[in-house]
Structures are given as C-alpha cells and as structure tokens.
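Now for the letters of each chain:
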Amino acid sequence: MADQPKHSKPLPVRISPELLERIDAARGLIPRETYVRHLLGLALAQVEAGEAEPSR
C-alpha cells in the first residue's frame, strides 16, 4: 500500500441527490459519513482483490 501523508485532509466528494437518497434509505441509524466510508472501504477491497473493476 502507498505511504499515507502525515496530515491528510478529507476529500470533498459530490454526491447526486438521487444517490444521497439511496444512501440515506439504506443506512438506517448509522451516521451518513460513517456509512459512506464503510461502503467505499468495501468497494475498494473488492477492486484490490480483483473481484471488481474500477469504473472511470
């Protein structure tokens, strides 16, 4: 894995209103930011394991 910067900053990400509605409907009582980080972690793990191709 690449070296992490000592002082990393949050990455602002634009999320469409439709996707935000889907995230909110699926997350239940989990805070939105925590849930989105969890989903990104799962997706990245699949890409790293070769189970999914990154979309561009």
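Residues numbered from 1 in each chain as written. Predicted model: local features only at pLDDT ≥ 70, side-chain atom pairs only at ≥ 80, totals over all residues. Heavy atoms only, no water.

**Quick notes on the overall build of the protein chain**
Moving on, step 1. Per the secondary structure count, the protein chain includes two helices and zero strands.
Moving on, step 2. Across the 56 residues in the protein chain, those meeting the buried criterion constitute 7%.
Moving on, step 3. With the model as given, the accessible surface of the protein chain reaches about 5600 Å², and the carbon-plus-sulfur share is 57%. (Helix = DSSP H or I, 4+ residues; strand = E, 2+ residues; numbered from the N terminus. Buried < 20%, exposed > 50% of the residue type's maximum accessible area, 1.4 Å probe, protein only. Areas by Shrake-Rupley, 256 points an atom, 1.4 Å probe, with all protein chains shown as cover.)

**Concerning helix α2 (residues 32–48)**
Moving on, step 1. In a regular helix each residue adds 1.5 Å, so 17 residues correspond to 24 Å; α2 covers 24 Å between its end C-alpha atoms and thus fits that length.
Moving on, step 2. Looking one or two residues beyond α2, the residue adopting positive phi is Gly50, at roughly 80°. (Expected span 1.5 Å × (residues − 1).)

Keep in mind these numbers describe shape, not what the thing actually does.
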